[in-house]
Amino acid sequence: MTDYRLVETREELIREVRDYLSDFTGGGSAQVLLLADEYTQRVLPEFPADLVVAQGEACKNLESAERIWRELAKRSFTRDDLLLAIGGGSVSDLCGFAAANYKRGCRVAYIPTTLLALVDASIGGKCAINLSLEGAEKRTVKNIIGTFYDPTVVFGCTELATAPESLFTEGMGEVIKYCCLFDPHPMATLEQSGDLTKLLRRCIDYKRAIVEQDPYDRSVRQYLNLGHTVAHALEGQALAGDKPIPHGTAVAAGLVIEGYFSYVLQGFSQHHLLQLGELVRERIPTVRYACSDYDSLWAHARQDKKNSPLRETVTCTLLKDFGTPVYGNRVDRKLWDEGLDFYKDLMKV
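Residues numbered from 1 in each chain as written. Predicted model: local features only at pLDDT ≥ 70, side-chain atom pairs only at ≥ 80, totals over all residues. Heavy atoms only, no water.

Draft legend 1. The arrangement of the overall build of the chain in detail. Within the chain, the regular secondary structure consists of 14 helices and 10 strands. Relative to the compact-globule value of 20 Å for 349 residues, the chain shows a C-alpha radius of gyration of 20 Å, a close match. Each principal axis of the C-alpha distribution contributes one length, and for the chain these read about 60 × 50 × 35 Å. Of all 349 residues assigned to the chain, the portion counted as buried reaches 57%. Considering only residue pairs separated by 6 or more positions, the chain has 73% of its internal contacts joining residues 24 or more positions apart. Roughly 14,900 Å² of accessible area belongs to the chain as shown, and the carbon and sulfur atoms make up 48% of that amount. (Helix = DSSP H or I, 4+ residues; strand = E, 2+ residues; numbered from the N terminus. Rg over C-alpha atoms; globule rule 2.2 N^0.38 Å. Buried < 20%, exposed > 50% of the residue type's maximum accessible area, 1.4 Å probe, protein only. Contact = heavy atoms within 4.5 Å. Areas by Shrake-Rupley, 256 points an atom, 1.4 Å probe, with all protein chains shown as cover.)

Draft legend 2. View of helix α12 (residues 270-283). If you check α12, its first and last C-alpha atoms are 20 Å apart, about what 14 residues at 1.5 Å a residue would give, namely 20 Å. When α12 is considered as a whole, its buried residues turn out to be His 272, Leu 273, Leu 276, Gly 277, Leu 279 and Val 280. Down the axis of α12, the buried side of the element spans an arc of 160°, and every buried residue falls inside it. Relative to its buried face, α12 has exposed residues pointing more than 90 degrees away, namely His 271 and Glu 282. (Expected span 1.5 Å × (residues − 1). Arc of directions from axis to C-beta.)

Draft legend 3. Focus on the pattern of salt bridges. Taken as a whole and judged by the stated rule, the model has 20 salt bridges. Asp 93 serves as the salt-bridge partner of Lys 60, at 2.8 Å between the closest nitrogen and oxygen. Separated by 33 residues along the polypeptide, Lys 60 in the loop between β3 (51-53) and α3 (62-74) and Asp 93 in helix α4 (residues 89-101) bring together distant segments of the chain. Judged by relative accessible area, which is 12%, Asp 93 ranks as buried. Here Glu 71 ties to Arg 75 by a salt bridge, and the two come within 2.7 Å at their closest N and O atoms. Overlapping salt bridges, with partners in common, bring together Glu 57, Lys 60, Asp 93, Lys 142 and Glu 235 in one network. (Salt bridge = Lys/Arg side-chain N within 4 Å of Asp/Glu carboxyl O.)

This is a description of form; function is not addressed.
Written as C-alpha cells, this is what we have:
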C-alpha cells in the first residue's frame, strides 16, 4: 500500500522529502534518481533533477521511457533503488510505467506539483504512455500502453497544488468529477469549499477507497472514468493536431457531454445537467471543436482501452444522480453526436 503524505506548505514538503531521502540512503549504497519536467525545475529548485523531460503529454511516449531506462542502466540501478518523479500527472504516468518495466519493477515515488497530479494521477497505480497511430488519419491514443504499479510513497502539498492559476483551474476538472461521484450536493460543496485542504483530502480518500476495493479496474474503479471517454477522445484529437488541451479541461467538457448521456440513458435530471454545465462554463475554459470533427472524435473514442472494436458503441460511466454513478453504459454514435451538440450549444462554441 502506498504511503500517502499530504502537507499544507512548501516548507513542510521540502523537510518531509529531505528526511525521507536521508533515511533511505543513510549509511548504505542505495541510489536515488530525481526526474522532473521543465516546469518543476523552476518551481521546486531545492530538488535538482538528474533527468529532465518535457512538460505535459509531450513526455508520455516510448522515447522518454527509453531515456529513463538507459539512465538507470548506466547507473547500475537495482530494484531496491528509488526513482523519484517530481512534476505533474504526465510525469508520474511516465515514471510509473518506466519503473514498472525496469528489471520488472524498481521503486518509484512521486512529488505531485499540480492539483491534477495530487488528486488523481499520483493515486491508484495506473501508469501509461500514449501511442501515435499512422495511417490515412493520424491519431494519438491516450494511455494505451500501460500497467498498474504502485509508488512506494507520494509527497503531496496543497500549496503547490494551488498555483499557478491555469494549472489549478485544470485540476478543478477532476475535483468537480469527484464531487459528482461522492456528493449528492456537489454544487453546494464546491461553492462553500473554504477549506481547500479538507476538500482535497475528501477527493484523495474517495479515490483511495475505490482503488482498495478494485485495484485492477474490474468493477467499481470504473466510476473514476466519469467524463473520461469523451475527454480522451478530445485529447487524442488535439494531440494528433499538435494542439494539446489540458487533461482536466477535457474531463470537465466530458462531464457535461456524458452528463447529457446520463440524462438520456439513466434519467439524470435536466436541472442537475444544466447546473453541471453552468458550473463548468463558469470555472473551466471551454473546449472548442467543429461539427466536422465528429467523425474523428468518434474514431478516437472507439480506440479507447475501455471499448471493443467489435461493438458499434463506446463505454461510459454515467450518473443516475449526483453521488450515484453507474459504470458500463454503452453509447451509440447517434447519442454521441447529440452530446457533442449539447455541449456546443450550451457553451456557445
